[in-house]
Amino acid sequence: MSTELNLILFGPPGAGKGTQASRLREDFDLPYIATGDMLREHRENGSELGKEAESYMNDGDLVPDELVIKMIMEEIEGKGDDGFLLDGFPRSVGQADALGEEIERRGRRLTAALLVEASDEVVLQRITGRRQCSNGHVYHVEFDPPKHEDVCDQCGKPLTQRDDDKPETVEKRLKTYHGQTEPLVDYYDERGLLRRFDGTRSQTEVHDHIRATLATLRLEERL
Ligand code: AP5
């Protein structure tokens, strides 16, 4: 039986999905597909999709399903043949249905939906202190500071704050999460795919927990 890992990483904004994803990519050598990063790249390149997505992102709303689903399906088609780690997709029941259909059509199945949880208070504190470089390396001014202020340890590029990390936009993003993405907790639980992780623990503790869970899932796939 195949031991490929087809994974979804989801949870509130700022729960630590991107932070964990960068560690898991190295552990499991998985193609990483992050909707937020892709949309920001489109925005920076001034593509039609980027222009359409910009106002939704700046307002803390979801970009319409028809734009995001097409973008992700093309990416999975190109990179995801031996498994994938999806970060930030699906984010609505419509997106989850579209992904499920596509995976089934290709004769594959999801391995797990990894939920990284954190309260609204924790998330607000984390997002307002987040800094990142244009290569996507993420820091926190208090919890995970770079060695030199505002300079990336890994690539030397300047660290900046994201446009949508202003407190009022974060509050809107949280509202959007609770209204449109949180229903996916029950959705994946009913399908036996949900795995929960306490995102308020240290980065290393969360990582150890996810890695151990995935190692077990992989072993079960082999049996
Ligand atoms: P996206 O880029 O996906 O943002 P998000 O889901 O809101 O998540 P974040 O990237 O803000 O947080 P994260 O959980 O990755 O946290 P991080 O690891 O950085 O989406 C942006 C926008 O794009 C959306 O609002 C929407 O408009 C659009 N979009 C994206 N996908 C879409 C879709 N599928 N459909 C429609 N629209 C879509 O960590 C946060 C901070 O905390 C960092 O500073 C980090 O250093 C720190 N930290 C992390 N873990 C810990 C820890 N354990 N302890 C202490 N500090 C920690």
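This report concerns the structure included in the present document. All values derive from a computational prediction rather than experimental measurement.

**A short note on the pattern of salt bridges**
So, step 1. Counted under the stated rule, the structure contains 18 salt bridges.
So, step 2. Two residues, E75 and K79, come together in a salt bridge whose shortest N-O distance is 3.2 Å. Of this pair, E75 and K79 are both found in helix α4 (residues 65-79), 4 residues apart, which corresponds to roughly one turn of the helix.
So, step 3. On the accessibility criterion, E75 (22% relative accessible area) is partly exposed.
So, step 4. According to the relative accessible area criterion, K79 is partly exposed, its value standing at 41%.
So, step 5. When the shortest N-O distance is used, the salt bridge between R162 and D164 registers 3.0 Å.

**Some details on the environment of L24**
So, step 1. Relative to the elements of secondary structure, L24 occurs in helix α1 (residues 17-28).
So, step 2. On the basis of relative accessibility, which here comes to 1%, the residue L24 falls in the buried class.
So, step 3. Linking L24 and H207, residues 183 residues apart in sequence, is a C-alpha distance of 7.7 Å.

**Details of the environment of R91**
So, step 1. Among the structural elements, R91 can be located in the loop between β3 (84-87) and α5 (93-105).
So, step 2. In contact with R91, not counting residues within four places along its chain, are L62, Q180, T181 and L184.
So, step 3. Within polar-contact distance, the side chain of R91 engages the backbone oxygen of G88 at 3.1 Å.

**A closer look at the sheet that holds strand β4 (residues 112-117)**
So, step 1. In space, the 5 strands of this open sheet follow the order β2-β3-β1-β4-β7, with parallel pairing throughout. Both outer strands of the open sheet, β2 (32-34) and β7 (194-198), are each paired with one neighbouring strand and no more. Across the sheet, the mean angle from the axis of one strand to that of its neighbour is 20°, orientation sign disregarded.
So, step 2. Bridge count for β4 against β7 is 5 bridges, and the pairing is parallel. Directly across from L114, in β7, lies its bridge partner R195.
So, step 3. Contacting β2 and β3, α4 runs over the sheet at an angle of about 170° to β2.

**What to know about the site of the ligand**
So, step 1. Around the ligand lies a shell of 34 residues, among which T19, D61, R91, R130 and R173 are the nearest.
So, step 2. Within the contact set of the ligand, an oxygen atom lies 2.5 Å away from a side-chain nitrogen or oxygen of R91.
So, step 3. R162 is positioned such that a nitrogen or oxygen atom in its side chain is 3.0 Å from an oxygen atom of the ligand.
So, step 4. Taking 1100 Å² as the accessible area of the ligand by itself, protein coverage stands at 95%.
So, step 5. Sorting the residues of the shell around the ligand by element identifies α1, α2 (35-45) and β6 (138-140) as the ones contributing at least two each.
So, step 6. For the shell around the ligand, the element with the highest residue contribution is α2, accounting for 4 residues.

**Considering the layout of surface pockets**
So, step 1. The calculated volume of the second largest pocket comes to roughly 220 Å³.
So, step 2. Along its surface, the second largest pocket is lined by 13 residues, and G100, E104, L110, R191 and L193 are the ones closest to its centre.
So, step 3. Mapped onto the lining of the second largest pocket, the elements with two or more residues apiece are α5 and α8 (183-190).
So, step 4. The element contributing the most residues to the lining of the second largest pocket is α5, with 6 residues.
So, step 5. Taken together, the residues of the lining of the second largest pocket break down into 7 nonpolar, 1 polar and 5 charged.

The rules we used
Residues numbered from 1 in each chain as written. Predicted model: local features only at pLDDT ≥ 70, side-chain atom pairs only at ≥ 80, totals over all residues. Heavy atoms only, no water. Salt bridge = Lys/Arg side-chain N within 4 Å of Asp/Glu carboxyl O. Helix = DSSP H or I, 4+ residues; strand = E, 2+ residues; numbered from the N terminus. Buried < 20%, exposed > 50% of the residue type's maximum accessible area, 1.4 Å probe, protein only. Contact = heavy atoms within 4.5 Å. Polar contact = N/O pair within 3.5 Å; in protein donor to acceptor, adjacent residues only side chain to side chain. Pairing = 2+ DSSP bridges. Axes fitted to C-alpha atoms, helices over the stretch in contact; angles between N-to-C directions. Near = heavy atom within 4 Å. Areas by Shrake-Rupley, 256 points an atom, 1.4 Å probe, with all protein chains shown as cover. 1 Å grid on protein atoms, 1.4 Å probe; cavity = no way out; pocket = protein on both sides within 12 Å on 5 of 7 lines; lining within 4 Å. Points joined across faces, edges and corners; volume = space filled by probe spheres on them. Nonpolar A, V, L, I, M, F, W, Y, C, P; charged D, E, K, R; others polar.

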